[in-house]
Amino acid sequence: MELIVPTKQTHEGFCSFHSTRKEITSKRLWGCNNRRFRSSSIKVLVGQLRKQRQSKVFAISRSETLGTNGRLSCVEKRPHVQGSISENFEEFESNNYLRRLVRNGELEESFKHLESMVYGGDIPDIIPCTSLIRGFCRIGLTKKATRVLEILEDSGAVPDVITYNVLISGYCKSGEIDNALKVLDRMSVAPDVVTYNTILRTLCDSGKLKQAMHVLDRMLQRECYPDVITYTILIEATCKESGVGQAMKLLDEMRSKGCIPDVVTYNVLINGICKEGRLNEAIKFLNNMPSYGCQPNVITHNIILRSMCSTGRWMDAEKLLADMVRKGCSPSVVTFNILINFLCRKGLLGRAIDLLERMPKYGCTPNSLSYNPLLHAFCKEKKMDRAIEYLEVMVSRGCYPDIVTYNTLLTALCKDGKVDVAVEILNQLSDKGCSPVLITYNTVIDGLSKVGKTELAIELLNEMREKGLQPDIITYSSLVSGLSREGKVDEAIKFFHDLEGLDVRPNAITYNAIMLGLCKARQTVRAIDFLAYMISKGCKPTESTYTILIEGIAYEGLAEEALDLLNELCCRGVMKKSSAEQVVVKM
């Protein structure tokens, strides 16, 4: 049969026809109040259009051709009918346009074009449709992704297992496991091991091991055989739910079916043994791994090291580090960070610094997690000069502090009363490429409030709001407490009412701060009213609440009444005797 090669003129004719038809289709679809066609309507229209196409051509001979879906299919060779060539070319161009839209991330436009294609009788390519499903899943629009699959199926195209896997993965990532299982049930092609592993992982992570085992049974019934990933997922879940003993039985079953465990499988088991407090058995398992045909990796050693450190076996941890190097298993930055963190918590800063300095010899560059424990330890010991010194060392070595580093430093500075330095560092954070978070502002606001600098604290409150950070109860409690201490009790009460308007529920600390301010201002009657308001709002008073009121009553010269109230509170069990004695001493 002679092959017709379209000329420039015929190409332009096809494009013109495609453009006109596309415009008409678009108007039909989107012109009338943006109507949407249901699946059944699309099916009927597609069927009618296909019949019209088939009536235009005559079967001559059969041959195999590669369709737009990328599959070989038997089709009839057709005579040189202009309409047939035009329609095939149009479908090809429509799919090209769909690919471009999806590639550019224009998901909504891609969806509209897909609907328009199918309504016009074109069969969409499954590859861009799969990418479109992935795109919708990535932004959490799983229902829209499902609609893409339905349109694809209704068009006569046959989605492959990858298309279904992408949708199932999207549902699993968004926590919609029931919908993922529904997709599994309706698949028009056989699920593969990736399909099942995705669902099993989600079920196991959700603590639904029993349901996961049912899915495994279905998998076996459909003659889809588990791989090492399948078993590792189930072994990990079994360790968490039923213990290592049951997990070992699953390991034996895995081996009996010819599935060889890998290092990840063994790491899961070793982690489970360590969590059960059987460190010596874990070490024995580690040493036996080569005899099982599997070499331990750096993660295996890190699991053991972490367990050694948590049980205080520092000498064994040092020995294991040396064994790693001797056996050619290079330690990672995580390895050193585990050890440095442990040493700093134990106050062994000299050893921690030594280990930090040795890291480059092993090809490891310290990161912020390597320095943070040291800075925290220096701050804890009130060695602020050393902390700032190591902060400078950190930066000089090209390791830039993260927000955790700065929060640690700011907390220590504020506790030490060096709030001006803390404010200066806070102001420099943005220039250092490190954005302050809520806890950063709360730390400095609290520090300023405690040293009587509430005006500056309020400025920081406004600044954090401008940056889109929402103040919480800690922020407001710090300000209310600071204002009350400064005798600005009316301003504190104003902040308190602002807090209620923002749907932030005051806690006992907030109420106590107001009552303390009122008692100091010799307004104990108002403080008692505030106690009644506190109880009416469902906030339970604490011992501190009653202590503030008793001391306030005594402060106004009513010592006897205060003692009577104190005795009554003790009799009712509201205050402990030891707490009451401390109040009496102050009176």
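Predicted, not measured: the structure shown is a model, and the values here were computed from it. (Residues numbered from 1 in each chain as written. Predicted model: local features only at pLDDT ≥ 70, side-chain atom pairs only at ≥ 80, totals over all residues. Heavy atoms only, no water.)

Scanning the protein for helices and strands turns up 31 helices and 2 strands. When the 587 residues of the protein are sorted by exposure, 44% land in the buried category. Long-range contacts, defined as pairs at least 24 residues apart, comprise 59% of the intrachain contacts of the protein with a sequence gap of at least 6. Carbon and sulfur atoms make up 53% of the accessible area of the protein, which totals about 30900 Å². (Helix = DSSP H or I, 4+ residues; strand = E, 2+ residues; numbered from the N terminus. Buried < 20%, exposed > 50% of the residue type's maximum accessible area, 1.4 Å probe, protein only. Contact = heavy atoms within 4.5 Å. Areas by Shrake-Rupley, 256 points an atom, 1.4 Å probe, with all protein chains shown as cover.)

What follows deals with helix α12 (residues 244–256). Taking 1.5 Å per residue as the helical rise, α12 with its 13 residues ought to reach 18 Å, and the 18 Å between its terminal C-alpha atoms agrees with that figure. For α12, the complete set of buried residues consists of Val244, Ala247, Leu250, Leu251 and Met254. The arc that holds every buried residue of α12, seen down its axis, measures 110°, which confines them to one face. Away from its buried face by more than 90 degrees, α12 exposes Lys249 and Ser256. Phi turns positive, to about 80°, at Gly258, one or two residues after α12. (Expected span 1.5 Å × (residues − 1). Arc of directions from axis to C-beta.)

What follows concerns the packing of helix α27 (residues 508–520) against helix α29 (residues 543–555). Put simply, α27 and α29 touch, their axes get as near as 9 Å, and they point 5° apart. It follows that α27 is roughly parallel to α29 by the angle criterion. In this structure, α27 contributes Asn512, Met515, Leu516, Cys519 and Lys520 to the contact, and α29 contributes Ser544, Thr545, Ile548, Leu549, Gly552 and Tyr555. Residues of the contact of α27 with α29, tallied by class, amount to 6 nonpolar, 4 polar and 1 charged. (Axes fitted to C-alpha atoms, helices over the stretch in contact; angles between N-to-C directions. Parallel < 35°, antiparallel > 145°, perpendicular 65-115°, else oblique. Nonpolar A, V, L, I, M, F, W, Y, C, P; charged D, E, K, R; others polar.)

Once that is clear, we can look at the confidence of the model for the protein. Residues with a pLDDT of 70 or more make up 83% of the protein, whose mean pLDDT is 82. Low pLDDT, under 50, characterises residues 1–46; the predicted model gives this stretch 54 contacts beyond four residues in sequence or across chains. Predicted confidence is poor over residues 48–83, with pLDDT under 50, and the contacts of this stretch with residues over four places away or in other chains come to 64 contacts. (pLDDT = per-residue confidence, 0-100.)

All told, the structure shown has 12 aromatic pairs when counted by the stated rule. Put simply, the rings of Phe496, Tyr511, Phe530 and Tyr533 touch in pairs and so form one group of aromatic residues. Between Arg522 and the ring centre of Tyr555, over which it is positioned, the NZ or CZ distance is 4.3 Å. (Phe/Tyr/Trp six-rings, centres within 6.5 Å; stacked < 30°, edge-to-face > 60°. Lys NZ or Arg CZ within 6 Å of the ring centre and 35° of its normal.)

The next point concerns the pattern of salt bridges. The tally for this structure, following the rule as stated, stands at 24 salt bridges. Between Arg201 and Glu236 there is a salt bridge, and its shortest N-O distance comes to 3.2 Å. Of the two residues, Arg201 sits in helix α9 (residues 193–205) while Glu236 sits in helix α11 (residues 228–242), which places them 35 residues apart along the sequence. Measuring nitrogen to oxygen at the nearest pair gives 3.7 Å for the salt bridge that ties Lys257 to Glu253. The network of salt bridges with common partners includes Arg201, Asp205 and Glu236. (Salt bridge = Lys/Arg side-chain N within 4 Å of Asp/Glu carboxyl O.)

Right, let's get into the side chain of Asn95. Positionally, Asn95 belongs in helix α3 (residues 82–103). In terms of polar contacts, Asn95 uses its side chain to reach the backbone amide nitrogen of Asp125, at 2.7 Å. (Polar contact = N/O pair within 3.5 Å; in protein donor to acceptor, adjacent residues only side chain to side chain.)

Right, let's get into the nonpolar core. Buried together is how nonpolar side chains tend to be arranged in soluble globular proteins. Membership of the largest hydrophobic core comes to 162 residues, with the highest contact counts inside it found for Ile199, Ile235, Leu269, Ile304, Leu374 and Met515. For Leu269, the contacting residues outside a window of four places in its chain are Ile235, Cys239, Val244, Ala247, Met248, Leu251 and Phe285. (Core = buried A, V, L, I, M, F, W, Y, C linked by side-chain atoms within 4.5 Å.)

Looking now at the packing of helix α19 (residues 368–380) against helix α20 (residues 384–396). Contact geometry for α19 and α20: axes closest at 8 Å, N-to-C directions at 165°. One finds that α19 runs roughly antiparallel with respect to α20. Two packed elements cross with a definite hand, and for α19 against α20 that hand is left-handed. Taken together, the residues of α20 that come into contact with α19 (itself represented by Ser368, Tyr371, Asn372, Leu374, Leu375, Phe378 and Cys379) are Met384, Arg386, Ala387, Tyr390, Leu391 and Met394. Residues belonging to the contact of α19 with α20 are distributed by class as follows: 10 nonpolar, 2 polar and 1 charged. (Left-handed = near helix turned anticlockwise from the far one by under 90°.)

We now examine the environment of Thr300. You can see Thr300 is positioned in helix α15 (residues 298–310). It is 5.5 Å that separates the C-alpha atoms of Thr300 and Asn267, two residues lying 33 residues apart in sequence. The contacts of Thr300, once residues within four sequence positions are left out, are Val263, Asn267, Ile270, Leu286 and Met289. Side chain to side chain, Thr300 and Asn267 meet in a polar contact 2.6 Å long.

In this section: α11. Taking 1.5 Å of rise per residue, 15 residues should cover 21 Å, and α11 covers 20 Å from first to last C-alpha, within 8% of that figure. Between the side-chain oxygen at the start of α11 and the backbone nitrogen of Ile229 there is a gap of 3.1 Å, and the oxygen is on Asp227. Gly243 lies just past α11 and shows a positive phi near 95°.

For the rest of this paragraph, the subject is unusual backbone geometry. Of note, the phi angle at Lys382 is positive, near 60°, even though the residue is not glycine. Mapped onto the fold, Lys382 is located in the loop between α19 and α20. Assessed through its relative accessible area of 67%, Lys382 is described here as exposed. In this structure, Arg522 is a non-glycine residue whose phi angle is positive, near 55°. Within the secondary structure, Arg522 is located in the loop between α27 and α28 (524–536). Residue Arg522 is classed as partly exposed on the basis of its relative accessible area of 47%.

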